[in-house]
Amino acid sequence: MYRSGVMDESHEKLVFYKTAPCLVRMCEPGRTCKQRILGAKTVAYLIESEPRLQRLVYICEHFPHKLDVFLRLPQFEEAKTPESLRKFKEEVAHHDELVTSAFLAYAALLSNEEDLRKNVASDPLVKRLVEALDSKLEEVRTAAIQCLLSLSRSIQVLRTFFQNQEVWKSVLQLAFRDSVSDRETAALCALIANLLLEFSPSRSQLLDGHVLKKILDWCKNPSSINIRRNALYALANVTFRSNSPDRDETDTKLFGIDVLGMIGGETLQNLAMSDDEVTKVRTLDVMTNLLSLENIEDLMGKHGALVIQLLITILARSTNHLPQSGGNESQQQQAESPQVLCAVLRILRNIIEADLVKTVRDFVIQNRQILVKIVDLCKSENTELLNEAINCLCCLVTIEDEHESNLSRIELLRSIGVFRVFENFKTSSIIYMPEKLKDALEYF
C-alpha cells in the first residue's frame, strides 16, 4: 500500500516508525530462518525507491550487521546442544534463501545514498558477491548482480573494492554463459553499463574481453524490452567520449570500430522506431555519441543515407508538439515526445558542425525537408526543444564555407523563415545562448 502512494501522511508515519523497525527486528539472528528471510525481502521491497526509508533502516538497530549474519556459513562445531543443532540444520537448509534475501536488502539499502554505500561497502562483502555470481541458483546470482549494481553507482567503490576483487572477470564470464534467463541478463546488462562508464577502471578490461559483441547481441534481443534498454545504455557508455585528449589503448582501438555497421541497418531502424520511448531515446543517444567523434565524415559517408532517413521519419511525427487548433486522437498517439526530438536535433547539430563540403551540404543544406522541420520546431512550447532547434539553426548560419560564398546558404535559410525566427527570439528570456543567437543574426 505504501509503494502505491495511496497512504496519507499519518499512515506514512506508521510505516516509518512502526512497520520499518518491526521488519528490521524480524531479521535478528534469534528469529527463525523463514522470519528472517521474509523480513529482509519485505524491507528490500519497502525501501527500494525511498531514500528517506533507506537512511532510517540503515541506522535502525544496526541493520547492516544483521544482514552480514545472513551471509555466514553455518558452523557445525557450534552445534553443541539440541537447540543449536536444530538451528544449524535449519540454516543449512535455508542458506541460499538467506543469502538471496540479504543481497536484495543490501541492493535496496544502497541504491541511492552515496554515504551509505561508502559505509557499507567492503572487500569481504564484494568478495562474497563475486563468489555468488558462480552459484548454481539463478535467484542467488540475480540478487548478487542487483547488489553489485547498487554498489557500482559509487565511483569510490568502482575504483577500490571492485578492482581489488576483480569483479569484471566474474561479470565477463557470466555475460558469455549459456542459458541465462532474461531477468538475470537484464540485471547483468545494467551492471555492465555502469562498469563501462568512462571513469571506471573495469572499462578497459571488459572491452578487451570483447563485451561489446555481447552488448550488440543483447540490443537485438527480441524477447525482453529491459535487456534492450540496458544494452543500449551500456552501448551509450561505450561510445561516449569526453573532450579530454587522453585515451588509453582500448579506447583508441574502439575509435576505429564501425559500431553502426555492427548494429546493422535493420536493427538500428527497429530500435530507433521502437514504440518504447526509452529504447528510442537511448538509440538516438548512441547515434549522438558516434556522430560526435572525429571521424563523423567517414561514418556519414558509410551510413549517412540511413541516418538522415531515420531522422526525417522521426521529425515527420513532430507536428503534435507545435501549437495547433485541430488533430484527432490517432495523430496524438503518433507524436514524438520532446525528449526524442531533442535527441534528433543533437544528432543534426553534430552533423552540422562537421565538414561543410563532405557532410553538411549533402545531408542537411540540400535537404529542405529537414530545414523546414527545424524551423517548425522553433514554434514549440517546450523550452528545451525550442532551444535545441534554435541552436541548430545558429550553427547552420555561422559555419564558414571556404570554397564559395555564404550568401546562397544565407538566402536559403532566410527563405524558409530562419531570420524571422531569430528576430522573434533575440530579446527572449527563455533562450539559453543569446550571444550565439546575436552572432547568427549578424549574418543576415
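Structure: see above.
Because the structure is predicted, anything quoted here is derived from the model rather than measured.

Rules of the game
Residues numbered from 1 in each chain as written. Predicted model: local features only at pLDDT ≥ 70, side-chain atom pairs only at ≥ 80, totals over all residues. Heavy atoms only, no water. Axes fitted to C-alpha atoms, helices over the stretch in contact; angles between N-to-C directions. Helix = DSSP H or I, 4+ residues; strand = E, 2+ residues; numbered from the N terminus. Left-handed = near helix turned anticlockwise from the far one by under 90°. Contact = heavy atoms within 4.5 Å. Nonpolar A, V, L, I, M, F, W, Y, C, P; charged D, E, K, R; others polar. Salt bridge = Lys/Arg side-chain N within 4 Å of Asp/Glu carboxyl O. Buried < 20%, exposed > 50% of the residue type's maximum accessible area, 1.4 Å probe, protein only. Disulfide = S-S within 2.5 Å. Phe/Tyr/Trp six-rings, centres within 6.5 Å; stacked < 30°, edge-to-face > 60°. Lys NZ or Arg CZ within 6 Å of the ring centre and 35° of its normal. Expected span 1.5 Å × (residues − 1). Arc of directions from axis to C-beta.

Asks: I'd like a rundown of the packing of helix H20 (residues 277-290) against helix H21 (residues 296-315), residues and numbers included.
Replies: One can describe the packing of H20 onto H21 by two numbers: an axis separation of 13 Å at closest approach and a directional angle of 145°. Seen from above, H20 lies across H21 with left-handed handedness. The segment H20 lies against H21, with Leu284, Met287 and Leu290 engaging Leu299, Val307, Leu310, Leu311 and Ile314. For the contact of H20 with H21, the residue count by class is eight nonpolar, no polar and no charged.

Asks: How would you summarise the pattern of salt bridges if you had to cite specific residues and measurements?
Replies: Tallied over the entire structure, the rule returns 20 salt bridges. Among the ionic pairs, aspartate 217 bridges to lysine 213, the shortest N-O distance being 3.7 Å. Here aspartate 217 pairs with lysine 213, and both are found in helix H15 (residues 211-219), just four residues apart, close to one helical turn. For aspartate 217, a relative accessible area of 35% corresponds to the partly exposed category. Of the residues examined, lysine 213 reaches a relative accessible area of 52% and is grouped as exposed. Arginine 349 is paired through a salt bridge with glutamate 388; the nearest N and O atoms lie 2.9 Å apart. You can see arginine 349 sitting in helix H23 (residues 338-352) and its partner glutamate 388 sitting in helix H26 (residues 383-398), a full 39 residues away along the chain. You can call arginine 349 buried: its relative accessible area is 18%. Its relative accessible area of 13% is what places glutamate 388 among the buried residues.

Asks: Residue-level account of the environment of alanine 144, with values.
Replies: As for its placement among the helices and strands, alanine 144 is situated in helix H9 (residues 138-151). For the pair alanine 144 and arginine 128, spaced 16 residues apart in sequence, the C-alpha to C-alpha distance is 8.7 Å. Aside from chain neighbours lying at most four places away, what touches alanine 144 is Phe103, Leu129, Ala132 and Leu133.

Asks: Just give me the short version of the state of the cysteines, but keep the residues and values in it.
Replies: Applying the stated criterion across every chain yields a total of zero disulfides. For the unlinked cysteine cysteine 22, the closest cysteine sulfur is that of cysteine 60, found at 9.9 Å. Looking at cysteine 22, the relative accessible area reads 38%, which means it is partly exposed. Not engaged in a disulfide, the cysteine cysteine 342 finds its nearest cysteine sulfur in cysteine 392; these two sulfurs lie 9.9 Å apart. By relative accessible area, which is 2% here, cysteine 342 ends up buried.

Asks: How would you summarise unusual backbone geometry if you had to cite specific residues and measurements?
Replies: A positive phi angle, close to 55°, is found at serine 179, a residue other than glycine. One can find serine 179 in the loop between helix H12 (167-175) and helix H13 (182-195). Despite not being glycine, histidine 210 shows a phi value in the positive range, around 65°. Within the element layout of this structure, histidine 210 appears in the loop between helix H14 (202-208) and H15.

Asks: Hey, could you go over the packing of aromatic side chains for me, with residue numbers and the actual values?
Replies: All told, the structure shown has four aromatic pairs when counted by the stated rule. Here the aromatic rings of tyrosine 2 and phenylalanine 16 are separated by 6.3 Å at their centres, their planes lie at 75°, and the arrangement is edge-to-face. Residue tyrosine 2 is found in the segment before helix H1 (9-25), and its partner phenylalanine 16 is found in helix H1; the two are separated by 14 residues along the sequence. Phenylalanine 16 matches tyrosine 2 in its accessibility class, with the two residues each being buried. Clustering of aromatic rings is evident, with ring pairs tying together Tyr2, Phe16 and Tyr17. Across from the ring centre of phenylalanine 419, 5.0 Å away, lies the NZ or CZ of arginine 414, which sits over that ring.

Asks: Explain the side chain of asparagine 230 residue by residue, including any values.
Replies: Residue placement: asparagine 230 occurs in helix H16 (residues 225-239). Exposure remark for asparagine 230: the relative accessible area of 17% places this residue in the buried category. Among residues more than four places away in sequence, those in contact with asparagine 230 are Ala186, Cys189, Ala190, Ala193 and Arg282.

Asks: Any details on H21? Residues and values, ideally.
Replies: With 20 residues, H21 extends just 21 Å between its outermost C-alpha atoms, more than 12% less than the 28 Å of an ideal straight helix rising 1.5 Å per residue. Along H21, the residues that are buried comprise Ile296, Leu299, Met300, His303, Gly304, Val307, Ile308, Leu310, Leu311, Ile312, Ile314 and Leu315.

Asks: Lay out H15 with the relevant residues and their values.
Replies: Listed as buried for H15 are Val211, Leu212, Ile215, Leu216, Trp218 and Cys219. Projected down its long axis, H15 carries its buried residues within an arc of 160°, all on one side.

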